[in-house]
Amino acid sequence: MQKNRFKEKIIEKLKSDLDYGLQSVEDKLLNEIKSIDNFCFSIEVSDFVGDIKDDEIVINNMSAFEKGEIEEFNNLSINFKNKLKELNFIVTAYLTQQKYAREKFDLPMTIKIKKSLDDVLNKLDFEKSSIRGINNEINSKEKAYAEKMTNFSNILKDMKNDDCVDEKKLIVMFGEKFINNYRMGLIGTVLDNLLNKCNINKLISNDELKKLMIKYPIIKCRIDDYVGTNS
């Protein structure tokens, strides 16, 4: 029985691939969005974690964060870069003065410069420690998101194998926001790949796409942006 079902799935896949090749670009885009809406997609789980840096804020997986969080991290990153640049400049200046004072055997000036240099180096260490702390926080969130995605992937795969994808159950388990965000990320990728090949007027006149626009605002935003850029 399982063998026959396996054959059926292969035949269905071959037919689907053939049909896909004969579709217009507009139909391909629409059908890919519909397949995402119906959970007919595979999940890629990224668990890449880089070294914990202390000289810049690093995000390896944007999907693990809300838009507001990313904007906040970007602002913090700019502020830290400016502070580090300023402090490193002062350190370089003090090191040059210290070298000059030593060459002149000016002990009082050497001691004075060393004290000022130590103060700046302490400030530099504090800023780097703060950056390291933020990167640790980012790292923890990315790990938690990767674990959640792995769990989501495994459960969705099991549901597909049983030919019974239960959206309500998935929403209860993972939250509507999580699932919608993932779907919209996939839809964004589809739009990036196919939108510039479409006849926009033909695309936006499609009634099915109009319904999907209501459910997934990213579609209308991307189309509006594309039309605005290419008008």
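Given the structure is predicted, the values throughout are model-derived calculations rather than measurements.

Colleague: Explain the nonpolar core here, please?
Modeller: Among the nonpolar cores identified, the biggest contains 48 residues, and Leu29, Ile33, Phe152, Leu170 and Ile219 are the most heavily contacted of them. Among the secondary structure elements, those contributing two or more residues to this core are helix H2 (25-37), helix H3 (67-103), helix H4 (107-161), helix H5 (167-174), helix H6 (176-194), helix H7 (200-204), helix H8 (207-215) and helix H9 (217-230). At twelve residues, H4 tops the list of elements feeding residues into this core. Excluding residues within four positions of it along the chain, isoleucine 33 makes contact with Ile187, Val190, Leu191, Leu209, Leu212 and Ile219.

Colleague: Please clarify how the packing of H2 against H6 should be interpreted in this entry.
Modeller: Axes are the key here: two packed helices are described by the angle between their axes and the distance separating the axes. In the contact formed by H2 and H6, the axes pass within 10 Å of each other and the chain directions differ by 170°. The pairing of H2 with H6 is recorded here as roughly antiparallel in orientation. Contacts between H2 and H6 involve Val25, Lys28, Leu29, Glu32, Ile33, Ile36 and Asp37 from the first element and Arg183, Leu186, Ile187, Val190, Leu191 and Leu194 from the second.

Colleague: I would appreciate a short explanation of unusual backbone geometry in the present structure.
Modeller: A negative phi angle is the norm for most residues apart from glycine, just as the trans form is the norm for most peptide bonds. For phenylalanine 39, which is not glycine, the phi dihedral falls at a positive 65°. We classify phenylalanine 39 as buried; its relative accessible area is 3%. Of note in this structure, phenylalanine 105 is not a glycine but carries a positive phi near 55°. Along the chain, phenylalanine 105 turns up in the loop between H3 and H4. When its relative accessible area of 75% is taken as the criterion, phenylalanine 105 is described as exposed.

Colleague: Could you clarify how one ought to interpret the environment of leucine 186 in this entry?
Modeller: Assignment of secondary structure puts leucine 186 in helix H6. Accessibility expressed as a relative area gives 21% for leucine 186, which makes it partly exposed. Through-space distance from the C-alpha of leucine 186 to that of phenylalanine 41 is 8.8 Å; in sequence the pair is 145 residues apart. Ignoring sequence-local partners within four residues, the contact set of leucine 186 consists of Ile36 and Phe41.

Colleague: What is the right way to read H9 from this model?
Modeller: For an α-helix the count is 3.6 residues per turn, leaving residues at separations of three or four pointing the same way. For H9, built from 14 residues, the straight-helix expectation of 20 Å at 1.5 Å per residue is met to within 8% by its first-to-last C-alpha distance of 20 Å. Among the structural elements, H2, H6, H7 and H8 are those in contact with the buried residues of H9.

Colleague: Help me understand the pattern of salt bridges in this model?
Modeller: Between side chains of opposite charge, pairing is possible as soon as their charged atoms come close. In total, this model carries twelve salt bridges according to the counting rule given. Across the salt bridge formed by glutamate 26 and lysine 202, the nearest N and O atoms sit 3.8 Å from each other. Taken as a pair, glutamate 26 in helix H2 and lysine 202 in helix H7 lie far apart in primary sequence, 176 residues in all. Measuring nitrogen to oxygen at the nearest pair gives 3.9 Å for the salt bridge that ties aspartate 207 to lysine 210. Here aspartate 207 pairs with lysine 210, and both are found in helix H8, just three residues apart, close to one helical turn.

About the cut-offs
Residues numbered from 1 in each chain as written. Predicted model: local features only at pLDDT ≥ 70, side-chain atom pairs only at ≥ 80, totals over all residues. Heavy atoms only, no water. Core = buried A, V, L, I, M, F, W, Y, C linked by side-chain atoms within 4.5 Å. Buried < 20%, exposed > 50% of the residue type's maximum accessible area, 1.4 Å probe, protein only. Helix = DSSP H or I, 4+ residues; strand = E, 2+ residues; numbered from the N terminus. Contact = heavy atoms within 4.5 Å. Axes fitted to C-alpha atoms, helices over the stretch in contact; angles between N-to-C directions. Parallel < 35°, antiparallel > 145°, perpendicular 65-115°, else oblique. Expected span 1.5 Å × (residues − 1). Salt bridge = Lys/Arg side-chain N within 4 Å of Asp/Glu carboxyl O.

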